[in-house]
Amino acid sequence: MIQRALISVSDKTGVAELARELAALGVEILSTGGTAKLLAGLGIPVVEVADHTGFPEMLDGRVKTLHPKIHGGILARRDLPEHMAALDAHGIGRIDLLVVNLYPFVEATSKADCTFENAIENIDIGGPTMLRSAAKNHRDVAVVVDPADYAVVVAELKAAGETSFATRFRLAKKVFAHTAQYDSAITNYLTAIEAEAPEAGVVPAREQYPQVFNQAFEKVQTLRYGENPHQTAAFYRDLAPAAGALANYVQLQGKELSYNNIADADAAWECVKTFPANEPACVIIKHANPCGVAVGATALEAYSKAFKTDSTSAFGGIIAFNVPLDGAAAEAVSKQFVEVLIAPAFTPEARAIFAAKTNVRVLEIALPAGFGTSVAYDLKRVGGGILVQSPDAKNVAAEELKVVTKVQPTPAQMADLMFAWKVAKFVKSNAIVFCGGGMTLGVGAGQMSRIDSARIASIKAENAGLTLKGSAVASDAFFPFRDGLDVVCDAGATCVIHPGGSMRDQEVIDAANERGIAMVLTGTRHFRH
């Protein structure tokens, strides 16, 4: 039975309601500092920890709960007579429920003006110690670190006068995960500080990448297998996924997502998000590469154009829209075999159409206004280590472009070039993308030679019955020689966009002038491996 609870929280969300419920159930409440004042001010019976221990808070609150009467009351095993005798001998009362959340270290250090001294003072000591004590003794003690769990604890107390072992074990696991993340945040902060001895009162300079890099993820699901059936796999997400990230998906219907489904869905979603909501866009992904991308006046028009690029590769692909999917577009998409369908929302008509196709995985992901990149870090595992980089969130603006040829691109050509450049960013290197009229015409991806990518892209367009005459071409990196440029010109391209930066740039520019095409440099490369 729960007779005594200790409540000490930084985040006061729901704590008054919890304390009222506990008091009504006859539970004695211990508390500290601001929490005790809050509860007392609301007329809720509360005993200050200092009164309970007979020892005052000291050192500006650094020492409050680090006392045998607290930790003895938490850690004593109720099933061991010698533990109970020790409590009686020293006048220590049991603490059956601990409700604690920690000083806001992450919030404090996220502020641009956070001094080193302020960061250190926001490192909680007593809180993690109590949490770990209670979590260790979860056989007898319930420990709550998340306000979302208050209601569950209260419901069980009302029903049975105590919490179930299953609940205590679940809460204990949550506590150890929480304290691990808390310590990881402190480690990341401290090992990122550049100074050997930071000065008090000064905001210390921090390296972008700490000496020790800790990241925490929570498991969403165990997957049937990995990239191949003989591999095991699971999907984990960030503890606080960014707005608009794939990990925020709500699966409306369909089979369980596979490893490859999730990887390809992320590629489709990240690509389609680069187009504004007032420009309906559709992206079709197959094996991590776009095989069709288009914009249109409606979702239906965008899909129809994207599908034309490579209808063969689109079979069994992942399709993403940046606008709500309506009935007309859903009707068209439903005529092909699709593995995963993604959109910010689905109309009732669209839902009804796909309800008959029970195997299609339909994902809804909110796209809030002003969302940014979906990840803080881009991670790649290598043997014995990990590569960490900032995400490729660079979107080249029109004013950053440099026209280097005698022929100037027309406004229509510039629009096609900018469209092609957006798509090339999401195509595996070496990437060559032909575009025209707001749609991809041919995509060459992942070849060891850029000239081979160019040839494949033109062959793809020919196979789809699409003309490349007057098309725009994007290359994710510079043309090292003129041969690649000649291939796209021979195919019908009249304008080209690429980063530039080769020692043979002038040779390639001269070739563009010779062929009478417009060439635009971005100054930004988009390798994607």
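For the structure itself, consult the block above.
What this report covers is the structure whose coordinates are included nearby. The structure presented is a predicted model; accordingly, all values stated were derived computationally and were not measured.

Criteria and thresholds
Residues numbered from 1 in each chain as written. Predicted model: local features only at pLDDT ≥ 70, side-chain atom pairs only at ≥ 80, totals over all residues. Heavy atoms only, no water. Buried < 20%, exposed > 50% of the residue type's maximum accessible area, 1.4 Å probe, protein only. Helix = DSSP H or I, 4+ residues; strand = E, 2+ residues; numbered from the N terminus. Pairing = 2+ DSSP bridges. 1 Å grid on protein atoms, 1.4 Å probe; cavity = no way out; pocket = protein on both sides within 12 Å on 5 of 7 lines; lining within 4 Å. Points joined across faces, edges and corners; volume = space filled by probe spheres on them. Nonpolar A, V, L, I, M, F, W, Y, C, P; charged D, E, K, R; others polar. Axes fitted to C-alpha atoms, helices over the stretch in contact; angles between N-to-C directions. Contact = heavy atoms within 4.5 Å. Core = buried A, V, L, I, M, F, W, Y, C linked by side-chain atoms within 4.5 Å. Patch = residues over 30% accessible without salt bridge, like charges linked within 9 Å, V, L, I, M, F, W, Y side chains within 5 Å. Areas by Shrake-Rupley, 256 points an atom, 1.4 Å probe, with all protein chains shown as cover. Salt bridge = Lys/Arg side-chain N within 4 Å of Asp/Glu carboxyl O.

Re the pairing of strand E17 (residues 432–435)
What you see with E17 is no split at all: Ile-432 and Phe-434 on one side and Val-433 and Cys-435 on the other are buried throughout. In this structure, E17 lies alongside strand E18 (residues 440–444), joined through four bridges in antiparallel fashion. For Val-433, the partnering residue across the bridge sits in E18 and is Val-443. Linkage of E17 to E18, two consecutive antiparallel strands, is achieved through a turn of four residues, within which Gly-437 is found at a positive phi near 65°. Relative to strand E19 (residues 471–475), E17 runs antiparallel, the two sharing four bridges. Looking at the pairing, Val-433 lines up with Ala-474 of E19.

Re empty space enclosed by the protein
Empty space among the atoms becomes visible once a probe the size of a water molecule is rolled across them. On inspection of all chains with the given rule, the structure shows one cavity of 30 Å³ or more. In this structure, the largest cavity is lined by Leu-252, Gln-253, Phe-346, Ala-350, Arg-351, Phe-354 and Val-362. When residues of the lining of the largest cavity are traced back to their parent elements, those giving at least two are strand E8 (250–253) and helix H15 (348–355). Here the lining of the largest cavity gets three residues from one element, more than from any other, and that element is H15. A breakdown of the residues in the lining of the largest cavity according to their chemical character gives five nonpolar, one polar and one charged.

Some points on the sheet that holds E8
Taken in spatial order, the six strands line up as E8-E13-E12-E11-E9-E10 in an open sheet, and their pairing is mixed. Since the sheet does not close on itself, it has two edges, and those belong to E8 and strand E10 (289–295), each with one partner. Taking the axes of each pair of neighbouring strands and ignoring which way they run, one obtains an average angle of 20° across the sheet. Bridge analysis of strand E12 (residues 338–343) against strand E13 (residues 361–364) gives four bridges, and the strand direction is parallel. Looking across to E13, one finds that Val-340 is bridged to Arg-361. Across the sheet, helix H12 (residues 299–309) lies against strand E9 (281–286), E10 and strand E11 (317–321), angled at about 140° from E10, the strand it touches most.

Remarks on the nonpolar core
Core analysis: the largest hydrophobic core is formed by 51 residues, its most contacted members being Phe-321 and Leu-485. If near-sequence neighbours (up to four positions away) are discounted, Phe-321 is found in contact with Trp-269, Val-272, Ala-281, Cys-282, Ala-299, Tyr-303, Val-333, Leu-341, Ile-342, Ala-343 and Pro-344.

Re the sheet that holds strand E3 (residues 47–48)
The five strands lie next to each other as E3-E2-E1-E4-E5, forming an open sheet whose pairing is parallel. Each edge of the open sheet is held by one strand with a lone partner, namely E3 and strand E5 (142–144). In the sheet, strand E1 (residues 4–8) pairs with strand E4 (residues 97–100) via four bridges, with the strands oriented parallel. The residue of E4 that forms the bridge with Ser-8 is Val-100. This element, helix H2 (residues 33–41), spans E1, strand E2 (28–31) and E3 of the sheet and lies at about 135° to E2.

Re a nonpolar patch on the surface
On the surface, a cluster of nonpolar side chains totalling about 360 Å² of accessible area is made up of Phe-217, Tyr-236, Leu-379 and Ile-386. Note on placement: Tyr-236 falls in strand E7 (residues 233–238). For Tyr-236, a relative accessible area of 45% corresponds to the partly exposed category.

The quantities given are spatial measurements derived from coordinates; they are silent on function.
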